[in-house]
Amino acid sequence: MNMTAAKEPSFRESVDLMFNRAVALMDLPPGLEEKIRVCNATYTVRFGVRLRGQIQTFTGYRSVHSEHMEPVKGGIRYATGVNQDEVEALAALMTYKCALVETPFGGSKGGLKIDPRQYEEYELEMITRRFAYELAKRDLINPSQNVPAPDMGTGEREMAWIADQYARMNTTDINARACVTGKPPHAGGIAGRVEATGRGVQYALREFFRHPQDVARSGMQGTLDGKKVVVQGLGNVGYHAAKFLNAEDGASIVGIIERDGALVDDKGLDVEAVRNWIGRHGGVRGYADGTYVEDGATVLEHDCDILIPAAMEGVINLSNAHRIKAPLIIEAANGPVTAGADDVLREKGTVIIPDMYANAGGVTVSYFEWVKNLSHIRFGRMGRRQEEARHQLIVDELAKLDQHLGDAWTMSPDFKDKYLRGADELELVRSGLDDTMRIAYQACSEVWNSRDDVNDLRTASYLVAIDRVATSYRAKGL
Ligand code: NAD
């Protein structure tokens, strides 16, 4: 990757710089400011697993940034680049993210230094179970203290192994399933968790476009319909965001950047077909319906309306920021824009919807899953049929009116079916997520538009989040 490492602050330094920029505009006592900023603890574990006839040693981390609310929450990432600096930066972002979307958690994050593609499934299971064992025995996996979730390189499968490992170690814990979120539906998961982060990106963009004043700041106008989108990383987050924006909002996906290059087509790429191609061939190379670009990162600079970095941190940095053409960047990944690039882009007038807010859909639905696990009942189970019965009463009355009025008035053909059906778990989850994303955006937009000293959405979201964390610390007597 083309990075100017010498001048660029590290990921954690970037988060600190952005934090400092926000607290400079607040009136916090210096001691409290420092307390919020620092990472409380980072545990490093090295463990051996016997694989392929020999013992292999793995290094993992679990960092706890702030325990102003417990449990603390944050994903576990499997990638070769995992290091202490990165997990600490990601844990800090989790603290602010949870405060911003009002999920009652402190911030945490974990990582294992591994390339999961180099291992067979049964090997990954052994490694994951051993890692989970090391964390669980120190309460770094625990329904009331620390609840991991998926992140880059992990998904439902790994979360199910972790949940099972915890349950084996805590056989009488009735809330064992709440020790981790992002589990598959048959293992205590919740409908809509896999799509949640990408869905949240869609809801965030919809809410942005409901604020014409904010849209005007980016130099754009109108709605999502017809907007040209470039997405980097067609993994869990990028794929769902691109798919929904295209299929439900009429946006056109003109660029897809993956590890091995990028595809470009100004008429729009077929997201599903590209995803299937990647599934079969391991990358985008060779896909016929689009122009292949070997140096994928250059497509970040492609002419488009909305750029969605959804792969990894640091991809928009001092080396390419000045060439980014998109007037709007939505940070689906964590930390894709470095602090240096953020300065350059703000100067250019690019609007950035920051990671802390943009990808909060994952933790929001994780929160719903955790609540579901603790309450031991699926959302909607008690009320759905009762809701349907009450709707039936109205539909019956309307049917009488329909008969009575003859040609003067008639019920719309699909009204009855639509209105009668009570919401299932997936609809409730989407509704809760939509509400969360709207309210959080409104809080940030309010600060952005009402304060002369706040010129960007990132600073606005830090202000909202830090203020809430500070309030919570104060309430504890700190
Ligand atoms: P994922 O592993 O499912 O997908 C990542 C995708 O990016 C993969 O398709 C991978 O091939 C691609 N990729 C990796 N390196 C790349 C590179 N250099 N250039 C282009 N593409 C590259 O991971 P994910 O869960 O979708 O997470 C992506 C980002 O979103 C991460 O920053 C993660 O922290 C963040 N995030 C994820 C969630 C979640 O619920 N999964 C929640 C919040 C934030």
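Everything quoted here is computed from the prediction, not taken from an experiment.

Q: If you had to explain the overall build of the protein to someone new, which residues and values would you point to?
A: From N to C terminus, the protein includes 16 helices and 12 strands. Here the C-alpha radius of gyration of the protein, 23 Å, is about what a compact globule of 478 residues would show, namely 23 Å. Reported as C-alpha extents along the three principal axes, the dimensions of the protein are approximately 80 × 55 × 55 Å. In the protein, 70% of the contacts between residues at least 6 apart in sequence involve partners at least 24 apart.

Q: How would you sum up the domain arrangement of the protein? Please name residues and give values.
A: Examined at the domain level, the protein breaks down into domain 1 (2-187), domain 2 (219-349) and domain 3 (381-422). Look at where the C-alpha atoms of domain 2 and domain 3 centre, and you get two points 44 Å apart.

Q: Which residues make up the pairing of strand β2 (residues 54-66), and what values do they have?
A: In terms of burial, β2 is a largely internal element, 10 of the 13 residues being buried. Pairing between strand β1 (residues 41-51) and β2: 11 bridges, direction antiparallel. Across the sheet, threonine 42 pairs through a bridge with serine 63, a residue of β2. Once β1 ends, the chain turns through 2 residues before running back antiparallel as β2, passing arginine 52 with a positive phi of about 50 degrees. In the sheet, β2 pairs with strand β4 (residues 106-113) via 6 bridges, with the strands oriented antiparallel. Bridged to serine 66 within β4 is glycine 107.

Q: Help me get a handle on the packing of aromatic side chains, residues and values and all.
A: The relative placement of two aromatic rings is captured by the distance of their centres and the angle of their planes. Counted under the stated rule, the structure contains 13 aromatic pairs. Over the ring of tryptophan 448 we find arginine 217, and its NZ or CZ is 4.2 Å from the ring centre.

Q: Could you give me a rundown of the sheet that holds β4, with the residues and numbers involved?
A: One open sheet holds the 5 strands; their spatial order is β1-β2-β4-β3-β5, and the pairing between them is mixed. Strands with a single pairing partner mark the edges of an open sheet, and in this sheet they are β1 and β5 (146-150). Strand-to-strand twist in this sheet, taken as the mean axis angle between neighbours without regard to direction, amounts to 25 degrees. Sheet topology note: the strand β3 (residues 72-79)/β4 ladder contains 6 bridges and is parallel. Considered in β4, the bridge of isoleucine 76 is made with glycine 110. Its contacts with the sheet put helix α4 (residues 121-136) on β1, β2, β3 and β4, and the angle it makes with β1 is roughly 140 degrees.

Q: Break down the nonpolar core for me, with residues and values.
A: Membership of the largest hydrophobic core comes to 89 residues, with the highest contact counts inside it found for Ile36, Leu205, Tyr462 and Ile466. It is helix α16 (residues 457-475) that contributes the most residues to this core, 10 residues altogether. Isoleucine 36 has contacts with Phe19, Leu28, His65, Tyr96, Ile466, Val469, Ala470 and Tyr473, leaving out every residue within four places of it along the chain. Listed in part, the 28 residues of the second largest apolar core include Phe131, Ala132, Ala136 and Ile141.

Q: So what's going on with the pairing of strand β10 (residues 306-309)? Which residues, and what values?
A: Burial along β10 is two-sided: Ile306 and Ile308 facing one way and Leu307 and Pro309 facing the other are all buried. In terms of strand pairing, strand β6 (residues 228-232) meets β10 through 4 bridges, oriented parallel. Directly across from valine 229, in β10, lies its bridge partner isoleucine 306.

Q: Lay out the site of the ligand with the relevant residues and their values.
A: Taken together, 23 residues surround the ligand, and among them Arg77, Asp151, Thr197, Glu258 and Asn334 come closest. In the environment of the ligand, an oxygen atom lies 2.9 Å from a nitrogen or oxygen atom belonging to the side chain of asparagine 334. Expressed as a share of its isolated accessible area of 830 Å², the protein-covered part of the ligand is 87%. Taken together, the elements giving at least two residues each to the shell around the ligand come down to α8 (236-249) and β7 (252-258). The residue inventory of the shell around the ligand, partitioned by class, reads 10 nonpolar, 8 polar and 5 charged. Formed jointly, the shell around the ligand draws a minimum of three residues from each of two domains, domain 1 (2-187) and domain 2 (219-349).

Q: Outline the sheet that holds β10, listing residues and values.
A: Ordered in space as β9-β8-β7-β6-β10-β11-β12, the 7 strands form an open sheet in which the pairing is mixed. Edge positions in the sheet fall to β9 (291-293) and β12 (351-353), since each of these pairs with one other strand and no more. Ignoring strand direction, the axes of neighbouring strands in this sheet form an average angle of 20 degrees.

Q: Please provide a residue-by-residue account of helix α10 (residues 339-348), values included.
A: Owing to its 3.6 residues per turn, the α-helix brings residues three or four apart onto one side. Here α10 has its buried residues at Ala339, Gly340, Ala341, Asp342 and Leu345. Count one or two residues on from α10 and you reach glycine 349, which has phi positive near 90 degrees.

Q: Give me the lowdown on the pattern of salt bridges, citing residues and values where you can.
A: Overall, the coordinates contain 45 salt bridges when judged by the stated rule. Put simply, arginine 430 and glutamate 195 hold a salt bridge, and the shortest N to O gap is 2.9 Å. Note that arginine 430 is positioned in helix α15 (residues 425-450) and glutamate 195 in the loop between α5 (156-169) and α6 (196-209), a separation of 235 residues in sequence. For arginine 430, a relative accessible area of 26% translates into the label partly exposed. The exposure class assigned to glutamate 195 is buried, which follows from its relative accessible area of 12%.

Q: Tell me about α8, and please be specific about residues and values.
A: Look at α8: 19 Å from first C-alpha to last across 14 residues, which is about the 20 Å you get at 1.5 Å a residue. Within α8, the full set of buried residues consists of Val237, Gly238, Tyr239, His240, Ala241, Ala242, Phe244, Leu245 and Asp249. Those residues of α8 that are buried lie in contact with α6, β6, β7, α9 (271-281) and β10. One or two positions beyond α8, positive phi appears at glycine 250, with a value near 75 degrees.

The rules behind each value
Every chain begins its residue count from 1, and numbering advances along the sequence as written. This being a predicted model, a pLDDT of at least 70 is required before a residue's local features are given, and a value of 80 or more before pairs of side-chain atoms are given or counted; all residues contribute to the totals for chains, interfaces and linings. Where side-chain values are given, they derive from all heavy atoms of the structure, hydrogens and water being excluded. The numbering of helices and of strands both runs from the N terminus, where a helix is a DSSP run of H or I of at least 4 residues and a strand a run of E of at least 2. Each radius of gyration reported is based on C-alpha atoms, and the globular scaling rule is 2.2 Å times the count of residues to the power 0.38. When checking whether two residues touch, look at their non-hydrogen atoms; a contact exists if any pair is within 4.5 Å. Each domain's extent is set by a domain assignment, obtained either automatically or from a database. Each residue's exposure class comes from its accessible area (1.4 Å probe, protein chains only) as a fraction of the maximum for that residue type: buried when under 20%, exposed when over 50%, partly exposed otherwise. When DSSP finds two or more bridges between a pair of strands, those strands are recorded as paired. Note on ring pairs: Phe, Tyr and Trp rings are taken, using the six-membered ring of Trp, and paired if centres are within 6.5 Å. Classes follow the plane angle, with under 30 degrees stacked, over 60 edge-to-face and the rest tilted. Only lysine NZ and arginine CZ atoms are considered, and such an atom sits over a ring when it is within 6 Å of the ring centre and within 35 degrees of the ring normal. Only the stretch in contact is used when fitting a helix axis, every axis being a line fitted to C-alpha atoms; angles between N-to-C directions are given from 0 to 180 degrees. Put simply, buried Ala, Val, Leu, Ile, Met, Phe, Trp, Tyr and Cys residues joined by side-chain atoms within 4.5 Å make one nonpolar core. Definition of nearness: a residue and a molecule or strand are near each other if at least one heavy atom of the residue lies within 4 Å of the molecule or strand. Any pair of nitrogen or oxygen atoms within 3.5 Å is treated as a polar contact; in protein, a donor-acceptor pairing is required on top of that, and neighbouring residues in sequence qualify only through side-chain atoms on both sides. Surface accessibility follows the Shrake-Rupley procedure with a 1.4 Å probe radius. Residue values consider only the protein chains on display as shielding. Each residue receives one of three labels: charged for Asp, Glu, Lys and Arg, nonpolar for Ala, Val, Leu, Ile, Met, Phe, Trp, Tyr, Cys and Pro, and polar for the others, Gly being one of them. One side-chain nitrogen of Lys or Arg within 4 Å of one carboxyl oxygen of Asp or Glu is enough to make a salt bridge. To estimate the expected span of a helix, count its residues, drop one, and scale the result by 1.5 Å.

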